[in-house]
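The primary structure of each chain is shown beneath.
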Amino acid sequence: MSRTSAGFAERSIHSLLDAVDYAAQAEKRAESAGLLQGMDARLKLAGVLLVIIAVVASRALVPIAAVLGASILLAIGSGIRVRAIATAVWVPALLFTGVIALPSVFLVQHGARSAAFLLSRSVTCATLSALLVFSTPWPALLKGLRALRVPAIAVTILGMTYRYLFSILDVARDMLESRRSRTVGILTGGEERRMAAAAAGVLLSRSVLLSREVHFAMLSRGFRGDAFTLENRPILSHDWLYFAGFAVAAASVFWFGR
Amino acid sequence: MHIPDGYLSPATCATMYGASAPFWYAALARMKRTLHTQTTPLLAVFSALSFIVMMFNLPLPGGTTGHAVGVATAAIVLGPWGAILSISMALVIQALLFGDGGITAIGANCFNMAIAGALVAYAVYRLISGRSAIAAHRRVIAAGAAGYIAINVSALLAAIEFGLQPMLFHDAMGAPLYAPYPLHIAIPAMMIGHLTIAGLAETVLAAGVVAYLQKADPELLEATAPAAARSRVTEAGATWRRTRPLWVSLGVLLALTPVGIVTAGSAWGEWSPADFSNETGRRQIARASGRVEPPAAVPHGLRRLSDVWTSPMPRYSAPFLRSPAFGYLLSAMTGAGLIILASVFFSWLQRRARDGAGGVP
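Every chain is numbered on its own, with residues counted from 1 as its sequence reads. Chains carry letters from A onward and ligands carry numbers from 1 onward, assigned in written order. Local features in this predicted model are restricted to residues whose pLDDT is 70 or higher, and side-chain atom pairs enter the listing and the counts only when it is 80 or higher, whereas totals over whole chains, interfaces and linings include all residues.

Visitor: Summarise the overall build of chain B; cite the residues concerned and give the values.
Guide: Helix numbering and strand numbering both begin at the N terminus, where a helix is a DSSP run of H or I of at least 4 residues and a strand a DSSP run of E of at least 2. Across its full length, chain B carries 14 helices and 2 strands. Residue burial is a threshold on neighbouring C-beta atoms within 10 Å of the residue's own C-beta, all placed from the backbone, with 20 or more meaning buried, 12 or fewer meaning exposed, and counts in between meaning partly exposed. Every one of the 361 residues in chain B was classed for burial, and the buried ones make up 43%. We call two residues in contact whenever the C-beta atoms placed from their backbones are within 7 Å. Long-range pairs, those at least 24 residues apart, make up 68% of the contacts in chain B with a sequence separation of at least 6.

Visitor: I'd love a proper account of the overall build of chain A, names of residues and values included.
Guide: In terms of regular secondary structure, chain A is built from 9 helices and 0 strands. Listing each helix as α and each strand as β along chain A from the N terminus yields α-α-α-α-α-α-α-α-α. Across its three principal axes, chain A shows a C-alpha extent of roughly 60 × 55 × 30 Å. Per-residue burial over chain A gives 43% buried out of 258 residues. Considering only residue pairs separated by 6 or more positions, chain A has 83% of its internal contacts joining residues 24 or more positions apart.

Visitor: I'd like a description of the interface of chain B and chain A, backed by residues and values.
Guide: Between chain B and chain A, the residue contacts involve 67 residues of the former and 82 residues of the latter. Breaking the side of chain B that touches chain A down by element, the ones donating at least two residues are α1 (10-35), α2 (39-54), β1 (58-59), β2 (65-66), α3 (71-78), α4 (80-98) and α7 (183-216) of chain B. The greatest single-element share of the side of chain B that touches chain A, amounting to 13 residues, is contributed by α2 of chain B. Residues are sorted three ways: Asp, Glu, Lys and Arg are charged, Ala, Val, Leu, Ile, Met, Phe, Trp, Tyr, Cys and Pro are nonpolar, and all the rest, Gly among them, are polar. Looking at the side of chain B that touches chain A residue by residue, the class counts come to 46 nonpolar, 17 polar and 4 charged.

Visitor: Describe in detail the domain arrangement of chain A, supporting the description with residues and values.
Guide: An automatic or database domain assignment supplies the start and end points of every domain. Taken domain by domain, chain A holds domain 1 (32-136 + 232-256) and domain 2 (152-220). Taking only C-alpha atoms into account, the centre of domain 1 of chain A sits 34 Å from that of domain 2 of chain A.

Visitor: Describe in detail the confidence of the model for chain A, supporting the description with residues and values.
Guide: Low pLDDT means the predicted atomic positions in that stretch should not be read closely. Chain-level pLDDT for chain A is 83 on average; 94% of the residues reach the 70-or-more range. Every residue in residues 1-5 of chain A is under pLDDT 50, and counting partners more than four places away or in other chains gives 9 contacts. As a per-residue measure, pLDDT reflects the predictor's confidence and takes values from 0 up to 100.

Visitor: Could you give me a rundown of the packing of helix α2 (residues 41-57) of chain A against helix α9 (residues 237-256) of chain A, with the residues and numbers involved?
Guide: All names here are of chain A. Comment: axis = line fitted to C-alpha atoms, over the contacting stretch for helices; angle = value between 0 and 180 degrees taken between N-to-C directions. In contact at an axis separation of 8 Å, α2 and α9 are set at 10° when each is read in the N-to-C sense. It follows that α2 is roughly parallel to α9 by the angle criterion. Residue-level inspection shows L43, A46, G47, V48, L50, V51, A54, V55 and A57 of α2 in contact with α9, the latter providing D239, Y242, F243, F246, A247, A249, A250, V253 and F254. Relative orientations are named as follows: roughly parallel for angles under 35 degrees, roughly antiparallel for angles over 145 degrees, roughly perpendicular for angles from 65 to 115 degrees, and oblique for any other angle.

Visitor: Explain helix α1 (residues 8-31) of chain A residue by residue, including any values.
Guide: Each helix should span, by expectation, one fewer than its residue count multiplied by 1.5 Å. A rise of 1.5 Å per residue sets the reference length of α1 of chain A, with its 24 residues, at 34 Å; its end C-alpha atoms lie 35 Å apart and thus fit the reference within 8%. For α1 of chain A, the complete set of buried residues consists of F8, A9, R11, S12, I13, L16, A19, A26, R29 and A30 of chain A.

Visitor: Explain the environment of L330 of chain B residue by residue, including any values.
Guide: With respect to the element layout, L330 of chain B can be found in helix α14 (residues 324-357). Sequence spacing of L330 of chain B and M173 of chain B is 157 residues, and the spatial spacing of their C-alpha atoms is 100 Å.

Visitor: Describe the packing of α2 of chain A against helix α6 (residues 138-147) of chain A, with residues and values.
Guide: All names here are of chain A. Where α2 meets α6, the axes come as close as 8 Å, and the angle between the chain directions of the two elements is 70°. Between α2 and α6, the interaxial angle falls into the category roughly perpendicular. The handedness of the crossing between α2 and α6 comes out as right-handed. The segment α2 lies against α6, with A41, R42, K44 and L45 engaging A140, L141, K143, G144, L145 and A147. For the contact of α2 with α6, the residue count by class is 6 nonpolar, 1 polar and 3 charged. Here a crossing is called left-handed whenever its near helix is offset anticlockwise from the far helix by less than a right angle, and right-handed whenever the offset is clockwise.

Visitor: Hey, could you go over helix α5 (residues 106-129) of chain B for me, with residue numbers and the actual values?
Guide: Residues and elements named next belong to chain B. A rise of 1.5 Å per residue sets the reference length of α5, with its 24 residues, at 34 Å; its end C-alpha atoms lie 32 Å apart and thus fit the reference within 8%. At G117, α5 shows its strongest bend, of approximately 35°. Across the 24 residues of α5, 19 count as buried, placing the element largely inside the fold. Of the residues flanking the end of α5, it is G130, one or two places downstream, whose phi is positive at about 55°. Consider a residue and the seven residues that end there alongside the seven that start there; fitting an axis to each set, the bend is the angle between those axes.

Visitor: Talk me through the environment of E191 of chain A; I want residue IDs and the actual numbers.
Guide: As for its placement among the helices and strands, E191 of chain A is situated in helix α8 (residues 189-220). Placed 183 residues apart in sequence, E191 of chain A and F8 of chain A show a C-alpha to C-alpha distance of 10.0 Å.

Visitor: Outline unusual backbone geometry, supporting the account with residue identities and numerical values.
Guide: In this structure, R149 of chain A takes a positive phi of about 70° despite not being glycine. Within the element layout of this structure, R149 of chain A appears in the loop between α6 and α7 (152-182).

Visitor: Go over the confidence of the model for chain B, please, and point to the residues and values.
Guide: Averaged over all residues, the pLDDT of chain B equals 82, while 89% of them reach at least 70. Confidence metrics for the complex model read pTM 0.73 and ipTM 0.84.

Visitor: Can you lay out the environment of S249 of chain B for me, pointing to particular residues and giving the numbers?
Guide: Mapping S249 of chain B onto the fold places it in helix α9 (residues 235-256). Considering only alpha carbons, one finds S249 of chain B and A29 of chain B, 220 residues apart in sequence, at a separation of 54 Å.

See below:
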């Protein structure tokens, strides 16, 4: 929530552009060469999840800090700039969690230690998630989900959602920009709310039309309601080696964080 | 309200995944049963839409802005099962791709916002909107209330999950391992923001979208308004049923119009210049005016203005008809027919103006 003089259209365009920019950066980094980029997505997803669960389960601060340090090294090894992680992950996580954690220092017994747990865990997990996204193209990540026994239809829907996300993002941005270009003067709060509701309503109507068109296109290509995902990349020995690294890290955090 | 990783214990996260799984399974089975092959594209597009709507920076009364989840809007358009799946998918993408909400907390976030939110929003909307028409203002109020209550129920669930953590999970020193605040702090802290800003954002979005769709695309509101949709389909029949007694009464009155001929005398003030010059007419004027004699000559103004307009059917009888009774009947039918035609024309004009107001923003 924020108090700002910019209009609804301007603020929303800004949010939409940020999302597109973030996704584009993630995709660009995921396709470049690096330590994590070379690893099989299925094992990488499983490995990162194991470490995240271990971090969440840890009852000690040192193992969490160690994982954070290792994550930074992995980012450097994968060609992901620490500054990018700091701006995309650490600043928002510290701001959000900091606001929640800091009062606990005064309000809760052993509040400082509790705040340290909360901050270190959230920052470490967010860093691991960012490493996963910055080193794995979305389609490969979906294959990873499939390997974790997420139903094929859910994976297919997620894949299509990602695709249509950008299509609808474009429509939303064009619509808001054209509305902004036609708007003269400053709109009242009520007018802005009506504009926001109308924008959401128009997007809704267009989305229904889009889903019908996509449905017909899918039917014409032989879709009968069953979802399949292609899994053509074999898991290589170095993938297992990387996974072993993650597994050892997770086991260590579990052990030392008991 | 997107709970990040590290706020909930692994046991809580596992429980919330377990609590969400049956709803996901039932929602998917239900959607596949009703929509068949349409399920996949519909959910994909709506999940993408839900994600984008969550990014709208909504202006709120008081000058602040806020983001809505859009759960009530999804529940009103797609129904509870579709809303559960599309909001869940949007939350999964937010967590996996954009880091908004933790991966371990996906189960909890989906349970709070997508599952509880959608079910509560749907129940409140159906309860308040009742059997009202699609275009009824009551549906706008119902949507606003659904959004407000749903988001606050979601927030309350999240607050309870936070508040349970320090009771259940702490280290050897007694320091809370996860969300540190007990229920008596977590619940008010969470609810103040949601009862004010976040609740308003959800209300503005849900009520605004329903008001817009009522004008621009009312069909999208029919999925969760079966009674109103049925009545719209049979609108012509229902309108006929409702107004049938009026039409029958009109027919009876038309048939009785010749009775007017048998009534004696003339109505006070409805005199023609000829009534002043013949004896019968003068007697009727005097009787209707309390025995006051009319003037000897036709009043000047009456004589002058009575020639300005000559009715095609003077005194309810057409000059070409010999039968006064039939003339009366024909006059009644002509008059009633002209009034009905004028009403239809003005209704059409009004509908056209209303439809024209519901354009693109």
